Structures are given as C-alpha cells and as structure tokens.
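Listed below, chain by chain, are the residues.
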Amino acid sequence: MSIRLRQSMEDAYPSRMSARPLIIPRRDPVVYSDWNPTSPIGKEQSDFYEQNGYLFLEGFFDAEELNEYREEARSLQTASRTVESDEIIREPESEEVRSVFAIHESNPVFQRLSRHPRLLAIIEYILGSLTYIHQSRINYKPGFTGKEFYWHSDFETWHVEDGMPRMRALSCSIALTDNYPYNGPLMVVPGSHKQFVSCIGETPEDHFKDSLRKQRFGVPDHDSLTALVKQGGIDTPVGKAGSVVLFDCNIMHGSNSNITPMPRSNIFIVYNSVCNKIGEPYSGQRPRPEYIATRAGL
Ligand code: 6CS
Ligand code: FE
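Residues numbered from 1 in each chain as written. Chains lettered and ligands numbered in written order. Predicted model: local features only at pLDDT ≥ 70, side-chain atom pairs only at ≥ 80, totals over all residues. Heavy atoms only, no water.

**Student:** Got a sec to walk through the pattern of salt bridges? Specific residues and values, please.
**Tutor:** As enumerated under the stated definition, the model contains 21 salt bridges in all. A salt bridge links Arg166 to Glu10; the nearest nitrogen and oxygen atoms lie 4.0 Å apart. Placement of Arg166 in the loop between helix H7 (154–162) and strand S7 (169–175) and of Glu10 in the loop between helix H1 (3–8) and strand S1 (22–25) is noted, with a sequence separation of 156 residues between them. The exposure class assigned to Glu10 is exposed, which follows from its relative accessible area of 53%. (Salt bridge = Lys/Arg side-chain N within 4 Å of Asp/Glu carboxyl O. Helix = DSSP H or I, 4+ residues; strand = E, 2+ residues; numbered from the N terminus. Buried < 20%, exposed > 50% of the residue type's maximum accessible area, 1.4 Å probe, protein only.)

The structure is reproduced here in structure tokens:
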C-alpha cells in the first residue's frame, strides 16, 4: 500500500514509522462491560484485570478435560516432528517443534476447547461483545531447547502486521504442563496495557517467517521497557496444569528460555471483538497468512 493511502487510514497507535520510540496512552477501555452480580467473574477479579491487564484462574479445567487436551497436544507434537507445514514453527536453534498454529481450525478437540462456554462467558464479558478467534496455537517450550519469547505487546504486532484497529482483544493461555518460575513461564508487566510503546524499525517483508521463531521488530526499546517495569514490576502468574491466564492484547510480556528438563506447554487462543475486525495492515505490507491472522468470513 502506498504511504499516501496508509496515512489516510486513521491510526490510533502508530508504530514502526518513526526513528524514535514513544509511549502513547491507551485510547480504549480495558473491560468493556459494567460489572453486576450476574457477571461471570467477581468484582475483584474484574477490577484486577482492569488495573493489571491480566487474570489468573487456577484449576479452571478439571482433570478429565485436561487429560484430553494433553493427550491431543502430545500426539500433535509427535506428528508435527515429521511433517513440513506452514502451521508448524520450529525452534530457532534446533528442529524441535516450537508452535503449531490454527489448532482451533485443524483439530476437533481444540475447536471444542476454543468454544468452551464457561471460558467464552468471561471473554465476552471483558470484551463486551461477541468474539471470534484471531489466532490460535500451541507453544511447546520443550525442556532444554525451548527458546525465549522476547518482550512484546501482541497488539503492536496485530495492529502493524494484521491491521487490528483498536485494543479490544485478549489472549487466553491454557497451561498443559505445570508452570514453575524456572521453566520459562509467561512474565507480564502489570499495568503496562495502559500504555502503548510505539516501536522503531521498519517491518521487513514476510517478517513472520523470522518473528515466530525469534522476534526482532515490534519489540520495545530498552528505555521504554525499563520505564514500564519501574512502574509495574514483573509478575509470573504460575500454577498447575489446567490453570488459565487471560491477558490484555497490549500487556507487555515475554518468557525466558527453558533449560530445565520440564517442558512448559500452553495453548494460546486469541479472541477479538466482532466490533474490532481487522483491515489492511498499518505497515502497508501484505497481510499475514490466514493461519496466523483470521480474515476469512469477516
Ligand atoms: O506474531 C504474533 O501474532 C505473535 N507472536 C509473536 C512472536 N509476537 C507477537 C504476537 O504475540
Ligand atoms: Fe505474545
């Protein structure tokens, strides 16, 4: 897309366009519904999500449900080792399977999981509307070889590379293995969802081919990250397999490499409001493939 056309699209959160990083205040709500006693989470939970940008739900899935998901994830991992497909992403320094994308499309068990009524009720409450799935994947983070996910805001990428206009999406991370502070769990910067870090650097063509293994663009500069961490600190919401973390699309987060023998596998499902459908990427480049960013039927 030409620069002229790109400028004519209203861009509430410009990024990767300027030589200097910038911190912009959030221009969108965080919780889109007013809490009342029939809401699917408590008032304290709703307020916690609003203020911190995430919510940890310990033991959300029971043992039977969890076993089904774990077995399915294991057989998908085994099958993915010997198959070449775009949806299968390998670790940057080994041939181990890092992620498998679009599992809510390709796999009936995960499709059912993605429509779990108790989960959807909470998500629709937070986003204040019906939703659809923007992206799904399993991250395997195998023991010894599972590499880090560097600090980033998901929204920054979805805005620039997928054309997601506003902050009205969230990620749901379902723990398939126990998460410990030492096996590369999710780290979040509480409160960082209320500020948008406009990043430097121009997006390379087909950036996703590298970024899903190791992200280098759309990551915050050191000064911005330092400022966010000074304000909010770092939380690691860890718990047993079957726990769930819901986190806002703009929260600053990342995870370390896993050099322990214990894998740390999670399912990620990204829900976007039907009122926030994606358009042309703000980078002006061609959209990423359907298995990374759903457009079909929108
Ligand atoms: O590309 C994506 O959609 C997601 N993956 C990475 C590595 N960073 C941004 C976003 O979370
Ligand atoms: Fe992320």
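From this point, the discussion proceeds with the structure in view.
**Student:** Please provide a residue-by-residue account of the coordination of the iron ion (ligand 2), values included.
**Tutor:** Distances from the iron ion (ligand 2) to its protein donors, His152 (NE2), Asp154 (OD) and His253 (NE2), fall at 2.1 to 2.3 Å. Mapped onto the sequence, the residues coordinating the iron ion (ligand 2) show the spacing H-x1-D-x98-H. Linking His152 in strand S6 (residues 149–153) with His253 in strand S11 (residues 252–255), this pair joins segments that are 101 residues apart in sequence. Exposure remark for His253: the relative accessible area of 4% places this residue in the buried category. (Donors = N, O, S within 2.8 Å, 3.2 Å for Na, K, Ca; no water.)

**Student:** Mind laying out the side chain of His152, listing which residues take part and the relevant values?
**Tutor:** Among the residues examined, His152 registers a relative accessible area of 9% and is labelled buried. A distance of 2.9 Å separates the side chain of His152 from the side chain of Asp154, its partner in a polar contact. For His152, the contacting residues outside a window of four places in its chain are Gln215, Gly218, Pro220, Ile251, Met252 and His253. (Polar contact = N/O pair within 3.5 Å; in protein donor to acceptor, adjacent residues only side chain to side chain. Contact = heavy atoms within 4.5 Å.)

**Student:** Please provide a residue-by-residue account of the nonpolar core, values included.
**Tutor:** By size, the foremost hydrophobic cluster in this structure holds 36 residues, and its most contacted members are Phe110, Val244, Leu246, Ile267 and Tyr271. Ranked by the residues each element gives to this core, the list is headed by helix H6 (residues 117–127), at six residues. Setting aside anything within four residues of it in sequence, one finds Tyr271 in contact with Ser114, Leu119, Leu120, Ile123, Leu127, Thr131, Tyr132, Ile133, Ala169, Leu170 and Cys172. Core analysis: the next-biggest nonpolar cluster, separate from the first, contains 14 residues, Tyr13, Ile24, Met167 and Ala293 among them. (Core = buried A, V, L, I, M, F, W, Y, C linked by side-chain atoms within 4.5 Å.)

**Student:** I'd like a description of the site of ligand 1, backed by residues and values.
**Tutor:** All residues in the neighbourhood of ligand 1 are listed as Gln135, Arg137, His152, Asp154, Thr157, Trp158, Ser211, Leu212, Gln215 and Arg288. Between ligand 1 and the protein, one listed contact pairs an oxygen atom with a side-chain N or O atom of Gln135 at 2.9 Å. Within the side chain of Gln215, a nitrogen or oxygen atom sits 2.8 Å from a nitrogen atom of ligand 1. Considered on its own, ligand 1 offers 300 Å² of accessible surface; in the complex 96% of this is hidden by protein. Of all the secondary-structure elements, those providing two or more residues to the shell around ligand 1 are strand S5 (131–139) and H7. A total of three residues in the shell around ligand 1 trace back to one element, the largest contributor, which is H7. Among the residues making up the shell around ligand 1, the classes are represented as two nonpolar, five polar and three charged. (Near = heavy atom within 4 Å. Areas by Shrake-Rupley, 256 points an atom, 1.4 Å probe, with all protein chains shown as cover. Nonpolar A, V, L, I, M, F, W, Y, C, P; charged D, E, K, R; others polar.)

**Student:** So, the sheet that holds S11: which residues are in play, and what are the values?
**Tutor:** An order of S6-S11-S8 is seen for the three strands of this open sheet, with the pairing classed as antiparallel. Each edge of the open sheet is held by one strand with a lone partner, namely S6 and strand S8 (186–188). Averaged over all neighbouring strand pairs, the angle between strand axes comes to 20°, with direction disregarded. As paired strands, S8 and S11 are joined by three bridges and run antiparallel to one another. Residue pairing across strands places Met187 opposite Gly254, the latter belonging to S11. Together, S6 and S11 form the strand contacts of H7, whose direction differs from that of S6 by roughly 70°. (Pairing = 2+ DSSP bridges. Axes fitted to C-alpha atoms, helices over the stretch in contact; angles between N-to-C directions.)

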